[in-house]
2 protein chains.
Amino acid sequence: MDIAEWRDRINEIDTELVRLLNDRAAAAVEIGHVKRRNNQQIYDPQREREIIERAIGLSGGPLGDDAIRRLFERIIDESRRLERIEAERNGEAAQAK
Amino acid sequence: MDIAEWRDRINEIDTELVRLLNDRAAAAVEIGHVKRRNNQQIYDPQREREIIERAIGLSGGPLGDDAIRRLFERIIDESRRLERIEAERNGEAAQAK
């Protein structure tokens, strides 16, 4: 494959990534809503560690464990940031922990 | 949906994300190989800007433009890091720009 073909392949992957990252963020926001309704703590470091360890366990490479960890830390961070923005928009901030 | 169901959904998405992120990194490494064979410059800031702008253009939310930008900066950075590691492993470092 030449560079143009590999770039087309990357563009296809990126299209899927954008969709999945948005779906994931939307699911995280939904979890935030449920937790606030139940007065549960939003931030759950144990769950975040599980997500990262699970992703590392699933990865067959070529990305190394540290790369997967950094990527999922960013993904989780953006979900958390969005949860916070959505909560403030919905006036849920007072309950947010 | 309750929290357990949303988490199952996130786990499914993460399984796909791990696969796609690895596929993407592998494609970036292939591009690096082709470029080195052709003595082309590896780092291409214009292409990186295009990738990010394209991802922002594709995104229908809920992630905002800045979130998509930060996520793709991380994704591109990990691909670039892997390209460099692979090049060094293959003794291509001397040609790498």
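An account of the accompanying structure is given in this report.

Analysis parameters
- Residues numbered from 1 in each chain as written.
- Chains lettered and ligands numbered in written order.
- Predicted model: local features only at pLDDT ≥ 70, side-chain atom pairs only at ≥ 80, totals over all residues.
- Heavy atoms only, no water.
- Helix = DSSP H or I, 4+ residues; strand = E, 2+ residues; numbered from the N terminus.
- Buried < 20%, exposed > 50% of the residue type's maximum accessible area, 1.4 Å probe, protein only.
- Lys, Arg positive; Asp, Glu negative; His and termini not counted.
- Salt bridge = Lys/Arg side-chain N within 4 Å of Asp/Glu carboxyl O.
- Contact = heavy atoms within 4.5 Å.

## Concerning unusual backbone geometry
Residue and element names in this part refer to chain A. In this chain, Gly61 is followed by Pro62 through a cis amide linkage whose omega measures 10°. Inspection of the secondary structure puts Pro62 in the loop between helix 2 (45-58) and helix 3 (65-89). Here Asn39, not a glycine, exhibits a phi torsion of approximately 55°, which is positive. Following the sequence through the fold, Asn39 ends up in the loop between helix 1 (3-37) and helix 2. On the basis of relative accessibility, which here comes to 55%, the residue Asn39 falls in the exposed class.

## Comments concerning the side chain of Lys35 of chain A
Looking at the element boundaries, Lys35 of chain A is found in helix 1. The buried charged residue Lys35 of chain A lacks any salt bridge, with Asp44 of chain A as its nearest oppositely charged partner at 4.3 Å. For Lys35 of chain A, the contacting residues outside a window of four places in its chain are Gln40, Gln41, Ile42 and Asp44 of chain A together with Ile3 and Arg7 of chain B.

## Things to note about the environment of Arg54 of chain A
Mapping Arg54 of chain A onto the fold places it in helix 2. Sequence-distant contacts of Arg54 of chain A, that is, excluding residues within four places in its chain, are made with Asn11, Asp14 and Thr15 of chain B.

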